[in-house]
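The lines below spell out each chain.
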Amino acid sequence: MGNKYVVLFQRICFFAAFLFIAVFMIRNLQDIRMVLNNLDMRYVLLSLLLTSLVVLVSTVQFQTILKANGITVPFWLLFRQRAQSNLLNYIPGGVWSHANLALSLSQSYTLSVKTLSKLTAVFMASVVITGMLFGIFFLPYPLQLAALVLVGIGFASLNFWIYVANALWKKLFPRFTMKLVPLSVATRSFLLITGLISWLLTAGAFSAFMHAAYPHLSPERLFYTGSAYIVAWVIGLLALPFPSGIGIREGVMGYLLASVGVPVVHAIAISLVFRIVILVRDIIFFAMVWQRGARDTSTTP
């Protein structure tokens, strides 16, 4: 019964999100057309390139976490599994792509899907903690310092939370073994650095697209819009029932970008159209790995 209510709740959120999008598009179709018609395709392509690099960098991050736990997965195989799973982000629930990634790896390497799921959760926790760093641009000075301290504490205490997860798992499920290996200082430092690189690429991708659609902003404000997208992305990720944070991110983007002079309608429209860029990226990667997989299968004796 509990699962039925969860599914029902997810479907309601899914319907509400797309109802928001549909109503917005109907009421503001002219503004959306204006965004599409005035795009500078050079910056759109730059945005597509930068957001593609994000997938490559984040794959290296996840590979590092797996290696720290004694699991060696070739980069190409891990990238292929991620490319095949990314399209599941658009299904209500928000975590289906990560769950499918853990399931696919467990089938390929005969590893515990529970352990891989927890390692995926550690990876996403590192992503969220690093993303929170960009929230300092929207806070007054004392809170900026507090945010920096919290991010530092988050990474410094990551092993403590891994210990808590192990202890809690053992208490709740004593018959099932699941022990996450603490991460070394070098591994945590690498995750922090690559996480920052990944988020900077993400900010650059949205800023490039913002310039393509709304070229009136100064470089400083473009950087602000990139940081705003990261904050909206993190909030959308935490809104689990909504597919890929749809509706949530657009609302946050509309609120944050209004403070730099972008009309709310334009901000939401640009955010929606940018989703198309992300979808194109995911489809391209999926087609690449599917074609490569089909070629490998056909050449196998």
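As a reminder, the structure under discussion sits directly above these lines.
Being a predicted model, the structure only gives us computed values, none of them experimental.

Rules of the game
Residues numbered from 1 in each chain as written. Predicted model: local features only at pLDDT ≥ 70, side-chain atom pairs only at ≥ 80, totals over all residues. Heavy atoms only, no water. Helix = DSSP H or I, 4+ residues; strand = E, 2+ residues; numbered from the N terminus. Expected span 1.5 Å × (residues − 1). Buried < 20%, exposed > 50% of the residue type's maximum accessible area, 1.4 Å probe, protein only. Contact = heavy atoms within 4.5 Å. Axes fitted to C-alpha atoms, helices over the stretch in contact; angles between N-to-C directions. Left-handed = near helix turned anticlockwise from the far one by under 90°. Nonpolar A, V, L, I, M, F, W, Y, C, P; charged D, E, K, R; others polar. Parallel < 35°, antiparallel > 145°, perpendicular 65-115°, else oblique. Patch = residues over 30% accessible without salt bridge, like charges linked within 9 Å, V, L, I, M, F, W, Y side chains within 5 Å. Areas by Shrake-Rupley, 256 points an atom, 1.4 Å probe, with all protein chains shown as cover. Salt bridge = Lys/Arg side-chain N within 4 Å of Asp/Glu carboxyl O.

Along its 12 residues, helix α4 (residues 75–86) runs 16 Å from first to last C-alpha, staying within 8% of the 16 Å computed at 1.5 Å per residue. For α4, the set of buried residues is Leu77, Leu78, Phe79, Gln81, Arg82, Ala83, Ser85 and Asn86.

On to the environment of phenylalanine 206. Structurally, phenylalanine 206 is set in helix α9 (residues 185–213). With relative accessibility at 0%, the residue phenylalanine 206 sits in the buried group. It is 9.9 Å that separates the C-alpha atoms of phenylalanine 206 and tyrosine 43, two residues lying 163 residues apart in sequence. Excluding residues that lie within four positions of it along the chain, phenylalanine 206 makes contacts with Thr225, Gly226, Tyr229, Met253, Leu257, Ile270 and Phe274.

The subject of this paragraph is the packing of helix α3 (residues 41–68) against α4. Two elements in contact, α3 and α4, have axes separated by 10 Å at closest approach and are oriented at 120°. Along this stretch, α3 crosses α4, giving a crossing that reads as right-handed. Mapping the contact onto sequence places Val55, Leu56, Ser58, Thr59, Val60, Phe62, Gln63 and Leu66 in α3 and Phe75, Leu78, Phe79, Arg82 and Asn86 in α4. Classifying every residue of the contact of α3 with α4 by side-chain character gives 8 nonpolar, 4 polar and 1 charged.

Of all 10 residues that make up helix α11 (residues 248–257), 7 are buried, and the element is covered over most of its length. Residues of α11 that are buried: Arg249, Glu250, Val252, Met253, Gly254, Leu256 and Leu257.

This part covers the packing of α9 against helix α10 (residues 219–238). Where α9 contacts α10, the axes come no closer than 8 Å and their chain directions differ by 120°. Taken together, the axes of α9 and α10 lie oblique to each other. Along this stretch, α9 crosses α10, giving a crossing that reads as right-handed. Facing Trp199, Thr202, Ala203, Phe206, Ser207, Met210 and His211 of α9, the residues of α10 in contact are Leu222, Phe223, Thr225, Gly226, Ser227, Tyr229, Ile230, Trp233 and Val234. Grouping the amino acids of the contact of α9 with α10 by side-chain chemistry returns 10 nonpolar, 6 polar and no charged.

Residues Tyr141, Leu145, Leu148, Val149, Leu150 and Ile153 make up a contiguous nonpolar surface patch of about 610 Å² in total accessible area. Among the structural elements, leucine 148 can be located in helix α7 (residues 141–156). What makes leucine 148 partly exposed here is its relative accessible area of 41%.

What follows is about the pattern of salt bridges. Evaluation of the coordinates by the stated rule reveals 3 salt bridges. With a closest N to O distance of 2.8 Å, aspartate 40 and arginine 42 form a salt bridge. Taking relative accessible area as the criterion, aspartate 40 reaches 24% and is therefore assigned partly exposed. Here arginine 42 falls in the exposed class, since its relative accessible area comes to 62%. A salt bridge links glutamate 250 to arginine 275; its shortest N-O distance comes to 2.5 Å. Highlighted residues: glutamate 250 in helix α11 and arginine 275 in helix α12 (residues 264–299), separated in sequence by 25 residues. Given the relative accessible area of 1%, glutamate 250 is considered buried.

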